[in-house]
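Given next are the chains, with one letter for each unit.
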Amino acid sequence: MQDTLEHAGEIVPVPAAAIEGTSCTGGQYDAMYARSMDDPDAFWLEQAERLDWFKKPTKISGWSFDPVEIKWFEDGELNICHNALDRHVANGRGDQTALIFEPDSPEDPVRKFTYAEILENVIRMANTLKKMGVQRGDRVTVYMPMVPEGAFAMLACARIGAVHSVVFGGFSPDAIANRIEDCQSDYVICADEGLRGSKRVPLKANVDAALEKISVKAVLVIRHTGGDVAMTEGRDHWFHEYSEGVSTECPCEVMNAEDPLFILYTSGSTGKPKGVVHTTGGYSVWTETTFRYTFDYREGEVYWCTADIGWVTGHSYIVYGPLQAGGTALMFEGVPNYPAHDRFWQVVDKHKVNIFYTAPTAIRALMREGNDHVTKHDLSSLRVLGTVGEPINPEAWRWYHELVGHGEAPIVDTWWQTETGGHMITTLPGAHPMKPGSAGRPFFGIAPQLVDNDGTVLADESTGGAAEGNLCIIRSWPGQARTVYGDHERFIQTYFSTYRGKYFTGDGCRRDEDGYYWITGRVDDVINVSGHRMGTAEVESALVLHEKVAEAAVVGYPHDIKGQGIYCYVTLNAGVDADDALTKELRAWVRTEIGPIATPDHLHFTPGLPKTRSGKIMRRILRKIAENDYGSLGDTSTLADPSLVDGLIEGRLNR
Ligand code: 6R9
């Protein structure tokens, strides 16, 4: 954001209270990081030993980035559901609260589940899935609201060795259909409806619409709101009926460490979203270890991550990380501004939350509503704060630190990706002074490297020093994605071919003299809207599907709340006139095609798009114009029709 560089010098020391009792001081971090680099196998075996293995791994790391092959703990056997639930029940944690569910409306009752109760629920769901025909290795699509049953569905799949593919509850029927088709999923788990800010989300109806295009064997429907839904005979089953009489026993499948655990679709710079595949062993170890150290989690603390289980943050830091670590996690169904703008802080106060993890976009939105919403609640329970999803601007950082964290709670700014499985670069609460706007230092085992566009190394942990370039990671880590479902070639192309032998993140980054990393945003055609990743190509494809649209080019531009907004340049078919009604129509169109998060913020109609003579759209120029930055348009002489640019600038200024 704009003020990042101005305040780049600010350093906030580690609060004394954060050092007391921490699992990792600065000195310990240095020693552990060094060991994770010098003897990664010993280091990761040690971390892995906190988990139960049906068969202990003897091989720890086994990977190469050229050719690409990634394996961790490859002869080990385990089940993540066992480590999240059974292990704790067996070790005397059965009666500890594992999950606190805060519903959409503060008027509705809170639900709490102990580890033993979750286990019982998960076994019931696992046996119900089996009864439906789900077998080990089958892909199960999960389209659920933020309710405990969403987490149970994921754990139930893991328990029986089925691969879950969670589709965010805000996605459209088309998006569901594409994802079901891509991973050849024969089963769907959904709820009747979701609830967000008192509005009902027609989940089952969306599944029905998706299933007009493709078919599945069975749909398991969980009753949540009790709203009316259509049930297709022979295909759809109510969970509460169909689960009657299933056995109360269901042993965990013995999974090899490299067996797939889940698929999660994420946007890239080209084509359809990719089904990123995570496997069992490495992901288990990575999420347990990062959860434990990044949040410096302490026995008995209440931890709350406001993400949705439809995103990777929900997977790793609502479900798998906290439960494997034996924590108490809060799950919230609603939204930050319902019934009022103090909802987050009211929930923190009500449940005495100790660790709070959210996105900068939410912080910015709440900051705008004024301080009274925050100060009227007792937030003294908060010990550690976290952010994820996009860079945080220092102004929002300070507000979060001073008002929410009463000037004491350390903030961990966690940089990571769907593909990384868990935290990659972050300060640790008791170890590192903070620099507002910087994600901080690499997590154990992470070797970042900055390279220029030609691949020349500018800086890494062994060279040290300050530099700015494209962020690569040069060693594998246990939580790394293993492939793109059904398209390993695309995996190699997307992540390992730009800089051969290195994992390329798609992010730009600066490293300062203290070894702190500052993410500067995507360097590819991916935009980050409210912390959600979106390929500009996806929005473009949706727009050109409309009968009146000839061509579209989509770029990101700075947006006060969302971080980036969606700016669409649209060329209409001959004879079609642009007007407000069409603007509305196209916005609604994209909403239905992809989902509300993809709604264009700005439509700019233009008779043509600036292209090179070879026909390539000059996105660089479109980005600059959208940013209102006309001074540095660069060389426009290679354009087929340079005069178009003047028209575009005029069009931008007239808004
Ligand atoms: C976890 C998640 C990944 C992209 C990533 C980067 C951006 C995430 C960030 C951040 C700056 C942070 N990003 N965390 N940028 N600081 N702390 O968000 O995964 O949805 O796959 O997005 O988000 O651009 O490349 P995902």
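Keep in mind that what you see is a predicted model, and the values were worked out from it rather than measured.

Undergrad: Explain the confidence of the model for the protein chain to me, and be specific about the residues and the numbers.
TA: In this model, the protein chain carries a mean pLDDT of 95, and residues with pLDDT of at least 70 account for 98%. Counting interchain partners and residues more than four positions distant, the pLDDT-below-50 stretch residues 1-7 has 13 contacts. Interface scoring of the predicted complex returns ipTM 1.00; its pTM is 0.93.

Undergrad: Pulling in residues and values, what's your account of the nonpolar core?
TA: Within the largest apolar cluster, 155 residues are counted, with the highest numbers of intra-cluster contacts made by W44, L155, Y303, F444 and L543. Aside from chain neighbours lying at most four places away, what touches L543 is V549, A552, V554, C568, V570, L586, W589, V590 and L603. By size, the runner-up hydrophobic cluster in this structure holds 29 residues, among which are V12, W304, F332 and F356.

Undergrad: Describe in detail the site of the ligand, supporting the description with residues and values.
TA: In the region of the ligand, 17 residues are neighbours, and D413, T414, T418, D507 and R533 sit closest. In the environment of the ligand, an oxygen atom lies 2.5 Å from a nitrogen or oxygen atom belonging to the side chain of T418. Contact with the protein chains covers 95% of the free accessible surface of the ligand, which is 530 Å². Elements that contribute at least two residues to the shell around the ligand include exactly α11 (312-324), β20 (411-414) and β26 (517-522).

Undergrad: I'd like to hear about the UniProt feature "binding site: Mg(2+)" (unreviewed entry) in the protein chain, residue by residue, with values.
TA: Cross-referencing UniProt, the feature "binding site: Mg(2+)" (unreviewed entry) maps to V544, H546 and V549 in the present numbering. Tracing the chain through its elements places H546 in the loop between α17 (536-544) and β29 (549-559). On the basis of relative accessibility, which here comes to 4%, the residue H546 falls in the buried class. Not counting residues within four places of it along the chain, the set of residues in contact with H546 comprises L582, E585, L586 and W589. Residue placement: V549 occurs in strand β29.

Undergrad: I'd love a proper account of helix α5 (residues 115-132), names of residues and values included.
TA: Over its 18 residues, α5 runs 26 Å from end to end, which matches the ideal 26 Å to within 8%, given 1.5 Å per residue. Within the span of α5, buried status applies to Y115, I118, L119, V122, I123, M125, A126, N127, T128, L129 and M132. Phi turns positive, to about 110 degrees, at G133, one or two residues after α5.

Undergrad: Explain the UniProt feature "binding site: CoA" (unreviewed entry) in the protein chain residue by residue, including any values.
TA: What UniProt calls "binding site: CoA" (unreviewed entry) maps, in this numbering, to R196, G197, S198, K199, T313, N337, S530 and R591. A stretch of 396 residues holds the annotated residues, and the largest C-alpha distance among them is 24.0 Å, long enough that they do not meet in one place. Mapped onto the elements of the fold, T313 is located in helix α11. Discounting residues that sit within four places of it in the chain, T313 has contacts with C305, A307, I318, Y357, V388 and W416. Relative to the assigned elements, R591 resides in helix α18 (residues 580-593). Owing to a relative accessible area of 42%, R591 belongs among the partly exposed residues under this scheme. Beyond its immediate sequence surroundings of up to four residues, R591 is in contact with P596 and T599.

Undergrad: Before we move on, could you go through the packing of helix α4 (residues 80-93) against α11 and cite the residues and values that matter?
TA: Packing of α4 against α11 brings their axes to within 8 Å, and their N-to-C directions diverge by 50 degrees. Classified by the angle between their axes, α4 and α11 sit oblique to one another. Between α4 and α11 the crossing geometry is left-handed. Contacts between α4 and α11 involve I80, N83, A84, R87 and H88 from the former and Y320, L323 and Q324 from the latter.

Undergrad: An account of the pairing of strand β25 (residues 503-511) is requested, with residue identities and associated values reported.
TA: For β25, a buried count of nine out of nine residues is recorded, marking the element as mostly surrounded by other parts of the structure. Sheet topology note: the strand β23 (residues 467-473)/β25 ladder contains six bridges and is antiparallel. Looking across to β25, one finds that I473 is bridged to Y503. Sheet topology places β25 next to β26; five bridges connect them, and they run antiparallel.

Undergrad: How would you sum up the sheet that holds β20? Please name residues and give values.
TA: The mixed open sheet is built from seven strands, whose spatial order is β5-β4-β17-β16-β18-β19-β20. The open sheet has two free edges, formed respectively by β5 (111-114) and β20, since each of these has just one partner strand. Direction aside, neighbouring strands of the sheet carry axes that sit 20 degrees apart on average. Taken together, the four bridges between strand β19 (residues 384-388) and β20 define a ladder with parallel strand orientation. Its bridge partner being in β20, V388 is matched across the sheet by T414. Against the sheet, α11 contacts β4 (97-102), β16 (302-305), β17 (328-332), β18 (355-358) and β19, and its axis sits at roughly 165 degrees relative to β16. Against the sheet, helix α15 (residues 394-404) engages β18, β19 and β20, with an angle of about 155 degrees to β19.

Undergrad: Any chance you could break down the environment of P148 for me, citing the residues and the numbers?
TA: Its place among the elements puts P148 in helix α6 (residues 148-160). The exposure class assigned to P148 is buried, which follows from its relative accessible area of 0%. In this structure, the C-alpha to C-alpha distance between P148 and L51, residues 97 residues apart in sequence, is 24 Å. Not counting chain neighbours up to four residues away, the residues in contact with P148 comprise L99, F101, R111, F113 and M331.

Undergrad: Just give me the short version of the pairing of strand β1 (residues 61-65), but keep the residues and values in it.
TA: In terms of strand pairing, β1 meets strand β2 (residues 68-72) through five bridges, oriented antiparallel. Bridge pairing in β2 links F65 to V68. From the end of β1 to the start of β2, which pair antiparallel, there are two residues.

Undergrad: Break down unusual backbone geometry for me, citing the residues and quoting the values.
TA: Following D66, the chain continues to P67 via a peptide bond in cis, the omega torsion being 0 degrees. For P67, the position within the fold is in the loop between β1 and β2. Cis peptide bonds are those with omega within 30 degrees of zero, and the linkage from Y338 to P339 qualifies with -5 degrees. Of note, P339 is situated in the loop between β17 and α12 (343-351). With a phi close to 45 degrees, Q184 is a non-glycine residue in the positive phi region. Examined against the element boundaries, Q184 turns out to sit in the loop between α7 (173-182) and β8 (187-191).

Undergrad: Outline the sheet that holds strand β22 (residues 457-460), supporting the account with residue identities and numerical values.
TA: Reading across the sheet, the five strands line up as β22-β21-β23-β25-β26 and stay open at both edges, with antiparallel pairing between neighbours. Two strands lie at the open edges of the sheet, namely β22 and β26, each paired on one side alone. The sheet shows a mean angle of 40 degrees between the axes of neighbouring strands, taken without regard to direction. Pairing of strand β21 (residues 448-451) with β22, which is carried by three bridges, proceeds in the antiparallel orientation. Looking across to β22, one finds that V451 is bridged to V457.

Undergrad: Mind laying out the side chain of Q96, listing which residues take part and the relevant values?
TA: By the element assignment, Q96 lies in the loop between α4 and β4. Separated by 2.5 Å, the side chains of Q96 and R93 make a polar contact. Apart from the residues within four sequence positions on either side, Q96 is in contact with F113, T114, Y115, E299, G326, G327 and T328.

Thresholds applied
All chains use their own residue numbering, which begins from 1 and follows the written sequence. Only residues with pLDDT of at least 70 are given local features in this predicted model, and only at 80 or more are side-chain atom pairs given and counted; all residues enter the totals for whole chains, interfaces and linings. Derived side-chain values reflect all non-hydrogen atoms in the structure, with water molecules and hydrogen atoms excluded from consideration. Looking at any residue, its pLDDT shows the predictor's confidence there, from 0 to 100. Only heavy atoms matter for contacts: two residues are in contact if any of them lie within 4.5 Å across the pair. Buried Ala, Val, Leu, Ile, Met, Phe, Trp, Tyr and Cys residues that are joined via side-chain atoms within 4.5 Å together make up what is termed a nonpolar core. For the exposure calls, accessible area comes from a 1.4 Å probe over protein chains only, and a residue counts as buried if that area is under 20% of its type's maximum, exposed if over 50%, partly exposed in between. We call a residue near a molecule or strand whenever a single non-hydrogen atom of that residue lies within 4 Å of it. Polar contacts here mean pairs of N or O atoms no more than 3.5 Å apart (in protein, one a potential hydrogen donor and the other a potential acceptor; neighbouring residues in sequence count only if both atoms are side-chain atoms). All accessible-area figures derive from a Shrake-Rupley calculation using a 1.4 Å probe, and residue coverage is judged against the displayed protein chains alone. Helix and strand assignments come from DSSP, with helices taken as H or I runs of at least 4 residues and strands as E runs of at least 2, each series counted from the N terminus. UniProt positions are given in the numbering used here, feature names are shortened, and annotations may be inferred rather than shown by experiment. Here a helix's expected span is defined as the number of its residues, less one, multiplied by 1.5 Å. Think of each axis as a best-fit line through the C-alpha atoms, taken over the contacting stretch in the case of a helix, with angles from 0 to 180 degrees between the N-to-C directions. Between 65 and 115 degrees an angle is taken as roughly perpendicular, under 35 as roughly parallel, over 145 as roughly antiparallel, and anywhere else as oblique. Handedness of a helix crossing follows the sense of rotation of the near helix relative to the far helix, less than a right angle counterclockwise being left-handed and clockwise being right-handed. Two strands form a pair only when DSSP identifies at least two bridges running between them.

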